[in-house]
Amino acid sequence: MSPAITKPPFLGTWRLVSFAIRREDGEVILPFGADAQGSLIYAASGSFSFQIHRMDRPHVAAGDQMKSSEEETVLNYRGYVAYHGRYIWNGSEGTVTHRVIGSLFPNWEGREQKRLARIVGGRLELETPPTQWGGGEAVVALTVWEPAGE
């Protein structure tokens, strides 16, 4: 007998509360700062959109995205995580798998990103498995979201 299909508990629009990385040595860092912002949308249709960014990214002096300096491009690229696609909710495991269609980081396109997903005190917590990030060490990323209140 197959398990009952349940509606994900996280449908809707979410606003980022925090983005933290736990390193192998246990140190917790806020890679985009304490004031990072983001948006996460889960549609009932199975689509999702995920964005997080630093607040201190530089404006492009030329006023044209295609004419940014190398430094502006690097700082803006490294200060933003964005991807979208389709998701699969596994209620028995408490996981959501993001099937990435498009991403600012093209290496994720066509791949899956699995997250532990739980609702704690009305907030959505998404936690990665140990993942290579920022220098090659395996880290665990935790994003905490609150309802956006449309």
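Predicted, not measured: the structure shown is a model, and the values here were computed from it.

Draft legend 1. Up close: the overall build of the chain. Assigned secondary structure in the chain consists of one helix and ten strands. Helices and strands in the chain line up, N terminus first, as β-β-β-β-α-β-β-β-β-β-β. Projected onto the principal axes, the alpha-carbon positions of the chain cover approximately 60 × 35 × 30 Å. Counting all 150 residues of the chain, 34% fall into the buried class. The contacts in the chain between residues at least 6 apart in sequence include a share of 47% that link residues at least 24 apart.

Draft legend 2. Focus on the nonpolar core. Residues F10, Y42, L124 and W145 are the most contacted members of the largest nonpolar core, which totals 24 residues. Within the residue set of this core, elements represented by two or more residues are β1 (12–22), β3 (37–42), β4 (47–53), β5 (80–90), β6 (95–103), β8 (123–127) and β10 (138–147).

Draft legend 3. Just the side chain of E125, in detail. Looking at the element boundaries, E125 is found in strand β8. Apart from residues no more than four positions distant in its own chain, E125 is found in contact with L116, A117, R118, V120, L142, T143 and V144.

Draft legend 4. Molecular detail of the side chain of T95. Mapped onto the fold, T95 is located in strand β6. Side chain to side chain, T95 and E93 meet in a polar contact 3.2 Å long. Excluding its chain neighbours within four sequence positions, the residues that come into contact with T95 are I88, W89, N90, K114, R115, L116 and A117.

Draft legend 5. Region of the structure containing the environment of G91. Checked against the element boundaries, G91 lands in the loop between β5 and β6. You can call G91 partly exposed: its relative accessible area is 41%. Spatially, the C-alpha atoms of G91 and R118 are 9.9 Å apart, while their sequence positions differ by 27 residues.

Draft legend 6. A look at the packing of aromatic side chains. Evaluated as defined, the whole model comprises eleven aromatic pairs. Note on F50 and W145: the rings are 5.5 Å apart at their centroids and 70 degrees apart in plane angle, and the pair reads as edge-to-face. Residue F50 is located in strand β4, and its partner W145 is located in strand β10; the two are separated by 95 residues in the primary sequence. With respect to burial, F50 and W145 carry one shared label: buried. Chaining the aromatic ring pairs together yields one cluster made of F10, Y42, F48, F50, Y83, Y87, W89, F105, W108 and W145.

Draft legend 7. Inspection of the pattern of salt bridges at higher detail. Inspection of every chain in the model, using the stated rule, returns nine salt bridges. Between E137 and R23 there is a salt bridge, and its shortest N-O distance comes to 3.0 Å. Placement of E137 in the loop between β9 (131–132) and β10 and of R23 in the loop between β1 and β2 (28–29) is noted, with a sequence separation of 114 residues between them. The shortest N-O distance in the salt bridge between E146 and R123 comes to 3.7 Å. Of this pair, E146 sits in strand β10 while R123 sits in strand β8, and the two are 23 residues apart along the sequence. We classify E146 as partly exposed; its relative accessible area is 24%. Salt bridges linked by common partners bring R15, R123 and E146 together as one network.

Parameters and conventions
- Residues numbered from 1 in each chain as written.
- Predicted model: local features only at pLDDT ≥ 70, side-chain atom pairs only at ≥ 80, totals over all residues.
- Heavy atoms only, no water.
- Helix = DSSP H or I, 4+ residues; strand = E, 2+ residues; numbered from the N terminus.
- Buried < 20%, exposed > 50% of the residue type's maximum accessible area, 1.4 Å probe, protein only.
- Contact = heavy atoms within 4.5 Å.
- Core = buried A, V, L, I, M, F, W, Y, C linked by side-chain atoms within 4.5 Å.
- Polar contact = N/O pair within 3.5 Å; in protein donor to acceptor, adjacent residues only side chain to side chain.
- Phe/Tyr/Trp six-rings, centres within 6.5 Å; stacked < 30°, edge-to-face > 60°.
- Salt bridge = Lys/Arg side-chain N within 4 Å of Asp/Glu carboxyl O.

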